[in-house]
Amino acid sequence: MTAPLSETGIIGAQGTLLAAPVIGFAFGWFLERGGLGSAPKLAGQFYFVDLTVFKVMFSALLTAMLGAFWLDFFGVLDLELVYIPETFVLPQAVGGALFGAGFLLGGLCPGTSCVAAAAGRLDGIAVVCGMLAGVFIFNSAFDWIAEFYASTSLGPMTLTNMLGISRGAVVAVIAIAAVAGFTIATRIEDTRS
Amino acid sequence: MKRYSDPYFAGIGIGLVLLASYVVVGRGIGASGAFASIAAAVSASVSGATSPATAPYLQDGVRSPLKDWLVLELVGVTLGGFTSAWLAGRMRIDVERGPGIGSRQRIAAAFSGGIFMGLGAKLARGCTSGQALTGGALLSVGSWVFIVSCFATGYLLAPLARRLWR
């Protein structure tokens, strides 16, 4: 195993920090190239007129998921050493719902709002300011939220562990579902335009 | 003005960036975490103290958001977006909105949407980048809970917000 480079000691703390703006730059570049800096385009997903968000998001997820699976399989990347976001079922269900409502209202998500703002879109700047306000409100109300915030914790739980089936099987099911989704998305766009 | 890339081309590009992030730094990409770090640093410098809500973002006495991985990454996202928009001739000062509303209404809706997303991302411990993409590709259960809940709510409420966009 040679990767993650930060965990196997190939790059140090400085190198890790140095990689951050480079990785971010490439991420922002592709978001903008795909048109995800434009709020009406993103919001179009909710009315089935423009499914770019779905296509970009799931082709990205599929690429990273399959890449990580094969690199781990061939012993290049040790997935045990990659940080997996911890699961808190109810906070993530409620947080996801609040986020979805905000996404619909704002038409941009946190990353794409920065891209929109950087391209001169004032609505992007408004989303950025709103996000910061939301975080301040959350922090101010933390005493009341803390118990719920920490509830239904499962730790770094993966679908593989939860379902007790192999990683390859989960990856295959998601890959097939995503490809089916792409086909359906294209049909929907064709009939709506 | 150049046309946008094919969505699958952009998606595969983002997927390779995310994969590179796993390989190089052992973690995925994010966005809302950087907002949380900046907000925590601002709160701490104003009040001179940390709280249970802000302390996790200010470990080891690190008060400068510029030493935070996600903040540096989000600076990169902004520069990358700027460079791409500039080279494609898409830079312009504008308020992008649906045909049925004015600029002021759009700004108000955008700000309110941001508040909801700030609250939601804090509660869910991530957003479309840190949860949906990063955790989704790593098969995290909570990330898939977030993906389903986020988009189900968006589609469910969409008819109510129709005037904003159509």
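Every value quoted in this text rests on a predicted model; they were computed, and no experiment measured them. (Residues numbered from 1 in each chain as written. Chains lettered and ligands numbered in written order. Predicted model: local features only at pLDDT ≥ 70, side-chain atom pairs only at ≥ 80, totals over all residues. Heavy atoms only, no water.)

Over its 26 residues, helix α9 (residues 167-192) of chain A runs 37 Å from end to end, which matches the ideal 38 Å to within 8%, given 1.5 Å per residue. The complete set of buried residues in α9 of chain A reads Arg-167, Val-170, Val-171, Ile-174, Ala-175, Ala-178, Gly-181, Phe-182, Ala-185 and Glu-189 of chain A. Where the residues of α9 of chain A are buried, they touch α3 (52-73) and α8 (159-163) of chain A together with α1 (7-25), α5 (128-137) and α6 (141-157) of chain B. (Helix = DSSP H or I, 4+ residues; strand = E, 2+ residues; numbered from the N terminus. Expected span 1.5 Å × (residues − 1). Buried < 20%, exposed > 50% of the residue type's maximum accessible area, 1.4 Å probe, protein only. Contact = heavy atoms within 4.5 Å.)

The next subject is the state of the cysteines. One pass over the full model with this rule turns up 0 disulfides over all chains. The closest cysteine sulfur to the non-disulfide-bonded Cys-127 of chain B is located on Cys-109 of chain A, 6.3 Å from its own sulfur. We classify Cys-127 of chain B as buried; its relative accessible area is 0%. (Disulfide = S-S within 2.5 Å.)

Moving on: the domain arrangement of chain B. Residue and element names in this part refer to chain B. Domain parsing of chain B yields domain 1 (1-92) and domain 2 (98-166). Each partner contributes to the interface: domain 1 provides 11 residues, whereas domain 2 provides 10 residues. Across the interface of domain 1 and domain 2, roughly 680 Å² is buried in total on both sides, 65% from carbon and sulfur atoms. Considering only the surface of domain 1 that becomes buried against domain 2, Tyr-22, Ile-29 and Ser-32 emerge as the three largest contributors, covering 54% of it. Summed over the shared surface of domain 1 and domain 2, the number is 0 salt bridges. Summed over the shared surface of domain 1 and domain 2, the number is 4 residue pairs in polar contact (both at pLDDT 80 or more). Secondary-structure elements contributing two or more residues to the side of domain 1 that touches domain 2 are α1 and α2 (32-47). The leading source of residues in the side of domain 1 that touches domain 2 is α1, at 3 residues. Class assignment of the residues belonging to the side of domain 1 that touches domain 2 gives a composition of 8 nonpolar, 3 polar and no charged. (Domains from an automatic or database assignment. Buried area = accessible area lost by both parts, 1.4 Å probe. Salt bridge = Lys/Arg side-chain N within 4 Å of Asp/Glu carboxyl O. Polar contact = N/O pair within 3.5 Å; in protein donor to acceptor, adjacent residues only side chain to side chain. Nonpolar A, V, L, I, M, F, W, Y, C, P; charged D, E, K, R; others polar.)

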